[in-house]
Amino acid sequence: VLQRVQPVLQPLRLSLDKLRDVSSRLHKGLVQGLGKHSHHRAAVKMLPTFVRATPDGTEKGDFLALDLGGTNFRVLHVRVLQAEQKVVKMDSQICVVPKDMMTGATQQLFDHIASCLGDFIASQELKGQTLPLGFTFSFPCEQKEIDKSILIRWTKGFNCPGVEGRDVVTLLRDAVRRRGDYDIGSVAMVNDTVGTMMSCGYKDQSCEIGMIIGTGTNACYMEEMKNVKRVEGEDGRMCINTEWGGFGDDGSLRDIQTEFDQMVDKTSINPGVHIFEKMISGMYLGEIVRLLLLRLSEEKLLFKGQKSEVLQTPEIFQTKFISEIEEEDTGLDNARRILTQLDLQWDEADVRVVRLVCDTVSSRSARLCAAALATIANKMRLNRGLDRLQTTVGVDGTVYRKHPNFSEELQLTVRLLAPECSITFLVSEDGSGKGAAMVTAVAQRLCVLFPCLHFLIKSYMSDLKNE
Ligand code: BGC
């Protein structure tokens, strides 16, 4: 049976040569996204973040942080301790974002955010203080200033009509004003990749890449200003939010998209966009496995050709099942439990085939991420004219953290694809929370030390050219 299963899985197996090819396509995409005149048609958006400095260890103070990017919304009170070079979470609160709110009216979503923040401020006895606020908003945004961030598009199951094209900070401030019982101070908008890079950066100052492989996927890195053609200035570096999830939206990954990827895309709430993300991230991996299992049972290679009603329910196969089934010691037992739960009649051969399917899908994800990360590392090395680049990547996300061998496969493949780069991987401790505080703290440090720099940054930001 295993032999007859292989041809179905073959299109998901990407050779090193294919990955090199994908990497060189992504490299072209990165350059196109950075270009002044090519940016508007680029699939990989390469968004300037206006973060020009990573932490230097002198940052300090108290901050509020908001984190919206998945099904939960979090509010945090964070303290940055200079003496211990530590970011301490003082307290936090989680508010669930109900599924209908993720696709409902804009005002309802932002009123919910403002109300969670209000409750938290009251419970922390912070009313009357206006602490600077870092807002981790993990969606592609065109940042005009550190506190002006226009949503380009929703991803990851969110789709509130009317937010795309609008400034998220204004929407937040309006919602706070509608309540009228508290106020917020200066706001720094942060993508979760940037938060991740910055939270690791306090510990390891060579951390210049942030990567997320969770519900969605994305990375940011420090790019030379001279290559960031849409922002004035040639000196120094700026953190670029690549939004690599959009790679392939121009059709450039058509040859490696399988029929299962196409089906996942077609039935998603945003067909045609974030094609790379849909091959990689936690929101979609389980569904790819489910479609493969259905196909294999149709071909009588699984479950004696019987598929249960349950397995025919979209999204019933959760991505966390993949991790559980691939667990070294308990995996096969987990598979038996999960297949029974899905009302399937299985035998021992089925259990092994299901494990092989999970391994094929998660392994492709790890290898594609590796190709993308290698592209960035190679670009940074060439940018700097180095024979060898030594750098650290701050990483976060459930797929990277929870899957038993995802990180190992990713790291191994990056070493093969970027042999001139020595990359240290640092799992971030709450990048979306503490990292947002860190971005705000660095922005504050620059303002405190050089008040004129603040002015400079502001004017740089307004130099972002309208195309
Ligand atoms: C978003 C990114 C985000 C990533 C990881 C993607 O869907 O477009 O902005 O960084 O998910 O959360």
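Here the residue numbers are simple positions, counted from 1 along each chain's written sequence. Under the rules for a predicted model, residues below a pLDDT of 70 receive no local features and side-chain atom pairs below 80 are neither given nor counted, while totals for whole chains, interfaces and linings still include all residues. With hydrogens and water stripped out, all remaining heavy atoms of the structure feed into the side-chain values.

Novice: Please explain the site of the ligand as it appears in this structure.
Specialist: Residues are labelled near a given molecule or strand when at least one of their non-hydrogen atoms is within 4 Å of it. As a matter of local geometry, the ligand sits amid 15 residues, with T155, K156, N191, D192 and E243 nearest to it. In the model, an oxygen atom of the ligand is placed 2.8 Å from a nitrogen or oxygen of the T155 side chain. Measuring from an oxygen atom of the ligand, one finds a side-chain N or O atom of K156 at 2.9 Å. What sets the accessible areas is the Shrake-Rupley method with a 1.4 Å probe; for residues, cover comes only from the shown protein chains. The fraction of the free accessible surface of the ligand (310 Å²) that becomes covered by protein chains is 98%. Elements are defined by DSSP. Helices are runs of H or I of four residues or more, strands are runs of E of two residues or more, and each kind is numbered from the N terminus. Of all the secondary structure elements, the ones that give two or more residues to the shell around the ligand are α6 (192-203) and β10 (217-224). Of the residues that constitute the shell around the ligand, the class distribution is 3 nonpolar, 8 polar and 4 charged. Composition of the shell around the ligand by domain shows at least three residues from each of domain 1 (1-46 + 205-427) and domain 2 (61-190 + 431-464). Pairs of N or O atoms are called polar contacts if they sit within 3.5 Å, as long as, within protein, a hydrogen donor faces a hydrogen acceptor (for residues adjacent in sequence, only side-chain-to-side-chain pairs). The classification used treats Ala, Val, Leu, Ile, Met, Phe, Trp, Tyr, Cys and Pro as nonpolar, Asp, Glu, Lys and Arg as charged, and all other residues, Gly among them, as polar. Domain borders in the structure are assigned automatically or taken from a domain database.

Novice: So what exactly am I meant to see when it comes to the packing of aromatic side chains here?
Specialist: Describing an aromatic ring pair means giving the distance of the ring centres and the angle of the ring planes. When two rings of Phe, Tyr or Trp (its six-membered ring) have centres within 6.5 Å they constitute a pair, described as stacked for plane angles under 30 degrees, edge-to-face for angles over 60, and tilted for the intermediate range. For the structure on display, the rule yields 9 aromatic pairs. Seen in terms of ring centroids, F317 and F321 are 5.3 Å apart; in terms of plane orientation they differ by 85°. Their pairing is edge-to-face. Both residues of the pair, F317 and F321, count as buried. Among the aromatic residues, ring-to-ring pairing joins F135, F137, F139, W154 and F158 into one connected group. Only protein chains enter the accessibility calculation, which uses a 1.4 Å probe; a residue is then buried when its area is under 20% of its type maximum, exposed when over 50%, and partly exposed in between.

Novice: Help me out: how do you make sense of helix α4 (residues 106-123) in this one?
Specialist: For α4, built from 18 residues, the straight-helix expectation of 26 Å at 1.5 Å per residue is met to within 8% by its first-to-last C-alpha distance of 26 Å. Listed as buried for α4 are T106, L109, F110, H112, I113, A114, C116, L117, G118, F120 and I121. Residue contacts are defined here by distance: any two heavy atoms, one from each residue, within 4.5 Å place the two residues in contact. Looking at the packing, one finds that the buried side of α4 touches β2 (61-68), β3 (72-81), β4 (86-96), α3 (99-102), β5 (133-137) and α5 (168-179). E125 sits one or two positions beyond α4 and adopts a positive phi of about 55°. The length a helix should cover is 1.5 Å for every residue beyond the first.

Novice: Sorry if this is basic, but what is going on with the nonpolar core here?
Specialist: Side chains of nonpolar character tend, in soluble globular proteins, to be buried together. For the purposes of this section, nonpolar cores are sets of buried Ala, Val, Leu, Ile, Met, Phe, Trp, Tyr and Cys residues that join through side-chain atoms within 4.5 Å. Counting 86 residues, the largest nonpolar core has M211, F317 and L410 as the members making the most contacts within it. If one sorts the elements of this core by residue count, helix α12 (residues 348-383) sits on top with 18 residues. Core analysis: the next-biggest nonpolar cluster, separate from the first, contains 39 residues, L117, F139, L151 and I184 among them.

Novice: What is the right way to read the pattern of salt bridges from this model?
Specialist: Think of it this way: side chains of opposite charge can pair up when their charged atoms draw near. We count a salt bridge whenever a side-chain nitrogen from Lys or Arg sits within 4 Å of a carboxyl oxygen from Asp or Glu. The tally for this structure, following the rule as stated, stands at 29 salt bridges. With a shortest N-O distance of 2.8 Å, K379 and E223 are connected by a salt bridge. In this pair, K379 is assigned in helix α12 and E223 in strand β10, connecting sequence segments 156 residues apart. Grouping residues by exposure puts K379 and E223 together as buried.

Novice: I tried to follow the UniProt feature "domain: Hexokinase N-terminal" (unreviewed entry) in the protein chain on my own but got confused; where do I start?
Specialist: UniProt's entry tags residues 5-202 with the feature "domain: Hexokinase N-terminal" (unreviewed entry), counted in the numbering of this structure. The annotated region residues 5-202 carries 35% helix and 25% strand content, and the separation between its end C-alpha atoms amounts to 48 Å. UniProt positions are given in the numbering used here, feature names are shortened, and annotations may be inferred rather than shown by experiment.

Novice: Before we go on, may I ask you to explain the pairing of strand β12 (residues 389-396) in this structure?
Specialist: Walk down a regular strand and you will see the side chains alternate between the two sheet faces. Among the 8 residues of β12, 7 are classified as buried, and the element is accordingly described as predominantly covered. Two strands are said to pair when DSSP picks up at least two bridges between them. Pairing of β12 with strand β13 (residues 421-427) involves 7 bridges; the strand directions are parallel. Opposite V393, over in β13, you have F425 as the bridge partner.

Novice: Explanation requested: the environment of G69 in the structure shown.
Specialist: By the element assignment, G69 lies in the loop between β2 and β3. When the C-alpha positions of G69 and Q411 are compared, they lie 26 Å apart, and in sequence the two are 342 residues distant. In this structure, G69 is in contact with S138, F139 and K156, ignoring residues within four places of it in sequence.

Novice: Where do I start with the domain arrangement of the protein chain in this structure?
Specialist: By a widely used convention, the size of an interface equals the accessible area lost when the partners come together. Considered domain by domain, the protein chain is made up of domain 1 (1-46 + 205-427) and domain 2 (61-190 + 431-464). Each of domain 1 and domain 2 has a C-alpha centre, and these two points are 28 Å apart. Each side of the interface is counted separately: domain 1 has 19 residues, and domain 2 has 16 residues. By buried area we mean how much accessible surface two parts lose on assembly, using a 1.4 Å probe and totalling the loss over both. Buried area between domain 1 and domain 2, both sides added, is near 1300 Å², and the carbon and sulfur share of it is 55%. Interface area lost by domain 1 to domain 2 is led by R230, E232 and I269, which between them contribute 32%. In this assembly, domain 1 and domain 2 are joined by 2 salt bridges. The interface formed by domain 1 and domain 2 holds 1 residue pair in polar contact (both at pLDDT 80 or more) in total. Split by residue class, the side of domain 1 that touches domain 2 holds 5 nonpolar, 7 polar and 7 charged.

Novice: What exactly am I supposed to notice about the sheet that holds strand β9 (residues 207-213) here?
Specialist: Sheets are built from strands paired through backbone hydrogen bonds, the pairs being either parallel or antiparallel. Strand order in this open sheet of 6 strands is β1-β11-β10-β9-β12-β13, and the pairing throughout is mixed. Each edge of the sheet is formed by a strand with only one pairing partner; in this case those strands are β1 (47-48) and β13. Lines fitted to C-alpha atoms define the axes, with helix axes restricted to the stretch in contact, and inter-axis angles between N-to-C directions lie between 0 and 180 degrees. With respect to the sheet, α6 is in contact with β9, β10, β11 (237-241), β12 and β13, its orientation differing from that of β9 by roughly 135°.

Novice: Can you walk me through the state of the cysteines in this structure?
Specialist: Two cysteines, two sulfur atoms, one covalent bond between them: this is a disulfide. The rule for a disulfide is simple: a pair of cysteine sulfur atoms within 2.5 Å. Scanning all chains against the criterion turns up 1 disulfide. Put simply, C95 and C116 are joined by a disulfide, and their sulfur atoms are 2.4 Å apart. Across the S-S bond of C95 and C116 the torsion is about -140°, and the bridge reads as left-handed. Of this pair, C95 sits in strand β4 while C116 sits in helix α4; the two residues are 21 residues apart in sequence, bridging distant segments of the chain. Among the residues examined, C116 registers a relative accessible area of 3% and is labelled buried. The thiol of C200 is not disulfide-bonded; the next cysteine sulfur, from C207, is found 4.8 Å away. Sulfur of C369: no disulfide; nearest cysteine sulfur belongs to C220 and is 14 Å away.

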